[in-house]
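Given next are the chains, with one letter for each unit.
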Amino acid sequence: MVADKLGILVVEDDALLHGMIEEALTDGGFEVAIAPSGEEAMTLLTGLKGKYVALVTDINLSAKIDGWQVAKHARQIDSQFPVVYMTGASADDWGANGVPNSVLLTKPFAPAQLITAVSQLLNVPPTGAPT
């Protein structure tokens, strides 16, 4: 990871969305790591404490661990860890399952919305946000 860029861990099991999300966040000035499953994300969060400053996660993942569980795990490591949830179907559950200091984006969303959400949670100005 480049020293002057903030690391974002993205959890998304849809390979078609990986490119759009990675490009948007990279264009926004962030360093991106993509985990295709909740299990892999939890391993990365645990093994690389301090590398990531925020989590962007799909809620409905195809494996056993969902985005809610990944976010709760991140909060066990850092109680203030910023989280952006992405979903096409689980928005109604955010109030009950979402963690504080989080944002919910309903799919489909524009790349600029993702950059804005991450930047707001991190309290940093977006750079080069795509329109």
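Numbering of residues begins from 1 in every chain and follows the order in which that chain's sequence is written. At least 70 in pLDDT is required for a residue's local features to be given in this predicted model, at least 80 for side-chain atom pairs to be given and counted, and no such filter applies to totals for whole chains, interfaces and linings, which use all residues. Hydrogens and water are ignored here; the side-chain numbers use all heavy atoms of the structure.

Novice: How do you make sense of the pairing of strand 3 (residues 52-58) when you look at a structure like this?
Specialist: A regular strand places its side chains on the two faces of the sheet in alternate fashion. Most of strand 3 is tucked away: 6 of the 7 residues are buried. Two strands are said to pair when DSSP picks up at least two bridges between them. Helix and strand definitions follow DSSP, with helices as H or I runs of at least four residues and strands as E runs of at least two, each counted in order from the N terminus. When strand 1 (residues 6-11) meets strand 3, the two strands line up parallel, connected through 5 bridges. Opposite Leu 9, over in strand 3, you have Leu 55 as the bridge partner. Relative to strand 4 (residues 83-87), strand 3 is paired through 4 bridges, and the arrangement is parallel. The residue bridging Thr 57 from the neighbouring strand is Tyr 85, located in strand 4. On the question of chirality, the crossover connecting strand 3 to the parallel strand 4 by way of helix 3 (residues 67-77) is right-handed. Here the term buried applies to any residue with accessible area under 20% of the maximum for its type, exposed to any over 50%, and partly exposed to those in between, with areas from a 1.4 Å probe on protein chains only. With the strands pointing away from the viewer, any crossover whose connection runs clockwise from the first strand over the helix to the second is right-handed.

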